[in-house]
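# Commentary on secondary and tertiary structure
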Amino acid sequence: PICKKQIFSLDPISNFTGPLALPGLTELSKFTIGGYYNGTTFDDSRDYVLFPATVTSIDLPDLVNITLYSFHIYIAHSISSLSVPKLRHIGNDLRLNLTGGPPINLTFPSLFNVGGGIYLYGEIDA
């Protein structure tokens, strides 16, 4: 039998609340945290109500590689800290939309290669 390594994504469920810390995790196919839609609309219109993700901080101290897709955070007003000190490679985009949240310090000291673009939105303090 041949053993084959499988790489999965990390997409916490929409009602995950509090800090997210996963030491020892080194590789993912993608990482996504975002708001969600629960079926509510404004005044019976087609304008949907999106609820922000409730993750308060992200600490992935050993993450080195996003193999295929993006590192993506959106509609996440409560994130006050993001730490991925060893992240070197992202297969596609780095997308951080922190609009509406507190000012945040961002640092990617090891980031070497991003296969797509880098898109930053929100209160970036430093």
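Below, the structure is looked at part by part. (Residues numbered from 1 in each chain as written. Predicted model: local features only at pLDDT ≥ 70, side-chain atom pairs only at ≥ 80, totals over all residues. Heavy atoms only, no water.)

### Considering the overall build of the protein
Using the following cut-off: Labels follow the DSSP assignment, with helices taken as runs of H or I lasting at least four residues and strands as runs of E lasting at least two, numbered in each case from the N terminus. Only protein chains enter the calculation, and the probe is 1.4 Å; a residue is then buried if its accessible area is under 20% of its type maximum, exposed if over 50%, and partly exposed in between. Residue contacts are counted whenever heavy atoms from the two residues lie within 4.5 Å of one another. We get accessible surface area from the Shrake-Rupley algorithm with a probe of 1.4 Å; when it comes to residues, only the shown protein chains can shield them. Only four residue types enter the charge count, namely Lys and Arg as positive and Asp and Glu as negative; His and the chain termini do not. Where a charge sits is defined by one atom per residue type, namely NZ (Lys), CZ (Arg), CG (Asp) or CD (Glu).
When helices and strands are counted, the protein shows zero helices and 13 strands. The secondary structure elements of the protein, listed N-terminal to C-terminal, are β-β-β-β-β-β-β-β-β-β-β-β-β. Burial statistics for the protein: of 126 residues in total, 30% are counted as buried. A separation of at least 24 residues holds for 48% of the contacts in the protein among residues at least 6 apart in sequence. Surface summary for the protein: the accessible area is close to 7,500 Å², and the carbon and sulfur share equals 54%. Taking the 7 positively charged and 10 negatively charged side chains of the protein as two groups, their mean positions are separated by 14 Å.

### Topic: a nonpolar patch on the surface
We apply this condition: Exposure above 30% relative accessible area and no salt bridge define the residues that can form patches, which grow by joining like charges within 9 Å and nonpolar side chains of Val, Leu, Ile, Met, Phe, Trp and Tyr within 5 Å. Whenever a carboxyl oxygen of Asp or Glu lies within 4 Å of a side-chain nitrogen of Lys or Arg, that contact is scored as a salt bridge.
Together, Ile118, Leu120 and Ile124 make up an exposed nonpolar region whose accessible area comes to about 250 Å². Looking at the secondary structure, you find Ile124 in the segment after strand S13 (118-122).

### Examining unusual backbone geometry
Of note in this structure, Ile75 is not a glycine but carries a positive phi near 45 degrees. Mapped onto the elements of the fold, Ile75 is located in the loop between strand S8 (71-74) and strand S9 (81-83). Residue Ile75 is classed as partly exposed on the basis of its relative accessible area of 23%.

### Thoughts on the pairing of strand S11 (residues 94-98)
Short version of the rule: Strands are labelled as partners when DSSP assigns at least two bridges between them.
Burial of the side chains of S11 is restricted to one face: Leu94, Leu96 and Leu98 are buried, whereas none of Arg95 and Asn97 on the reverse face is. Of the pairings in the sheet, the one linking S8 to S11 comprises three bridges and is parallel in character. Paired with Ile73 across the strands is Leu96, a residue of S11.

### Concerning the nonpolar core
Let me state the cut-off plainly: What we call a nonpolar core is a set of buried Ala, Val, Leu, Ile, Met, Phe, Trp, Tyr and Cys residues that are connected through their side-chain atoms within 4.5 Å.
Phe31, Ile58, Phe71, Ile73 and Leu82 are the most contacted members of the largest nonpolar core, which totals 26 residues. Per element, the largest residue contribution to this core is three residues, and it comes from S11. Aside from chain neighbours lying at most four places away, what touches Ile73 is Phe31, Ile33, Ile58, Ile79, Leu82, Arg95, Leu96, Asn97 and Leu98.

### A few points about the sheet that holds S11
Condition: Here an angle of 0 to 180 degrees is reported between the N-to-C directions of two axes, which are lines fitted to C-alpha atoms, with helices fitted over the stretch in contact.
Strand order in the open sheet formed by four strands is S3-S8-S11-S13, with parallel pairing between adjacent strands. Two strands close off the open sheet at either side, each with one partner strand: strand S3 (31-34) and S13. Going from strand to strand, the sheet's axes swing by 5 degrees on average, the running direction of each strand aside.

### What about the pattern of salt bridges?
A full pass over the atoms with the stated rule returns three salt bridges. Its salt-bridge partner being Asp62, residue Lys86 comes within 3.2 Å of it at the nearest N-O pair. Linking Lys86 in the loop between S9 and strand S10 (89-90) with Asp62 in the loop between strand S6 (54-59) and strand S7 (65-66), this pair joins segments that are 24 residues apart in sequence. Judged by relative accessible area, Lys86 falls into the partly exposed class, the value being 43%. Looking at Asp62, the relative accessible area reads 21%, which means it is partly exposed. Notably, a salt bridge pairs Asp93 with Arg95, separated by 3.2 Å at the nearest N-O pair.

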